[in-house]
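The chain contents come next:
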Amino acid sequence: GGAGGAGDALRERVVAASLGAESSVFVSHSWHDSRQGKWAVLKRWAERDTAERGTAPLLWLDAACVAPEDAGALELLPLLVSGCQRFLILAGSTYASRLWCVIELFCFLKNGGDINRVTVLHVVEASNGADEAAADATNALKEKLVQFSVKQARCSRKQDTQKLLGC
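All of the points below concern the structure found in this document. (Residues numbered from 1 in each chain as written. Predicted model: local features only at pLDDT ≥ 70, side-chain atom pairs only at ≥ 80, totals over all residues. Heavy atoms only, no water.)

### Re the pairing of strand β1 (residues 24-29)
- Counting buried residues along β1, 6 of its 6 residues qualify, which places the element largely inside the surrounding structure.
- Burial along β1 is two-sided: the residues Ser24, Phe26 and Ser28 and Val25, Val27 and His29 are all buried.
- Where β1 and strand β2 (residues 58-61) come together, 4 bridges link them in parallel fashion. Among the inter-strand pairings, Ser24 is bridged to a residue of β2, identified as Leu58.
- At this point the chain moves from β1, through helix α2 (residues 35-53), to the parallel β2, and the crossover so formed is right-handed. (Buried < 20%, exposed > 50% of the residue type's maximum accessible area, 1.4 Å probe, protein only. Helix = DSSP H or I, 4+ residues; strand = E, 2+ residues; numbered from the N terminus. Pairing = 2+ DSSP bridges. Right-handed = clockwise from strand over helix to strand, strands pointing away.)

So this is what it looks like as structure tokens:
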């Protein structure tokens, strides 16, 4: 199935949690980056995090927690983001151009989140030259972040872009 099918499968594993729950992590990612790349880096991170902390992280992942057609998600975003203890960025090649991603990070930091609780993981496509591809992707991402302009960032839905940018 498509993204809805994956979201449905994830929503079956959802557990209720209070805002500010211990070990809660908001996962910020671009829907336009590699699903397989994001899953691989997230899985490795979660295994390391669990080993270091002794408990599995409680992930707030949009595909599992909010249906894509839920128009109210935009208004709830500051509350949902600030309700997490940590912020995890799965940064692929399109991350810096996605307005939702930038707004999520802004909400976390503006609502009391500490930059020291933000983790950035680089998402790369699998290839034969994996180390070289990872280095190239990391350099490309750094360049995109340096050149970032909120005026150039966009949402998938035009009405979300207009609402967030006020235009």
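### Looking at the sheet that holds β2
- Pairing is parallel in the open sheet, where 4 strands are placed in the order β2-β1-β3-β4. In the strand order of this sheet, the two ends are held by β2 and β4 (118-122), each with one partner. Averaged over all adjacent pairs, the angle separating strand axes in this sheet is 25 degrees, with direction ignored.
- Docked against the sheet, α2 engages β1, β2, β3 (86-91) and β4, running at close to 150 degrees with respect to β3. (Axes fitted to C-alpha atoms, helices over the stretch in contact; angles between N-to-C directions. Contact = heavy atoms within 4.5 Å.)

### A short note on unusual backbone geometry
- One non-glycine residue, Ser23, adopts positive backbone phi at about 70 degrees.
- You can see Ser23 is positioned in the loop between α1 (3-11) and β1.

### Some points on the packing of helix α5 (residues 99-110) against helix α7 (residues 158-165)
- Put simply, α5 and α7 touch, their axes get as near as 10 Å, and they point 40 degrees apart. In terms of axis orientation, α5 runs oblique to α7. Judged by the twist between their axes, the crossing of α5 over α7 is left-handed. Of the residues in α7, those in contact with Leu99, Trp100 and Ile103 of α5 are Asp160, Thr161, Leu164 and Leu165.
- Across the contact of α5 with α7, the residue classes tally to 5 nonpolar, 1 polar and 1 charged. (Parallel < 35°, antiparallel > 145°, perpendicular 65-115°, else oblique. Left-handed = near helix turned anticlockwise from the far one by under 90°. Nonpolar A, V, L, I, M, F, W, Y, C, P; charged D, E, K, R; others polar.)

### What about the environment of Gly37?
- On the secondary structure map, Gly37 appears in helix α2.
- On a C-alpha basis, the gap between Gly37 and Val124 in space is 5.7 Å, while along the polypeptide they are 87 residues apart.
- Discounting residues that sit within four places of it in the chain, Gly37 has contacts with Val123 and Val124.

### What to know about the packing of aromatic side chains
- Summed over the entire model, instances satisfying the criterion amount to 3 aromatic pairs.
- Centroid distance Phe26 to Phe87: 5.6 Å. Interplanar angle 10 degrees. Geometry classified as stacked. With a gap of 61 residues between them, Phe26 in strand β1 and Phe87 in strand β3 connect regions that are remote in the sequence.
- Residue Phe26 is classed as buried on the basis of its relative accessible area, which comes to 0%. (Phe/Tyr/Trp six-rings, centres within 6.5 Å; stacked < 30°, edge-to-face > 60°.)

### Digging into the nonpolar core
- One finds Phe26, Val81, Phe87, Ile89 and Tyr95 to be the most contacted residues of the largest nonpolar core, which totals 18 residues.
- The biggest single contributor to this core is α5, with 5 residues.
- Sequence-distant contacts of Tyr95, defined by excluding residues within four places in its chain, comprise Ser28, His29, Ser30, Asp33, Phe87, Ile89, Leu90 and Cys101. (Core = buried A, V, L, I, M, F, W, Y, C linked by side-chain atoms within 4.5 Å.)

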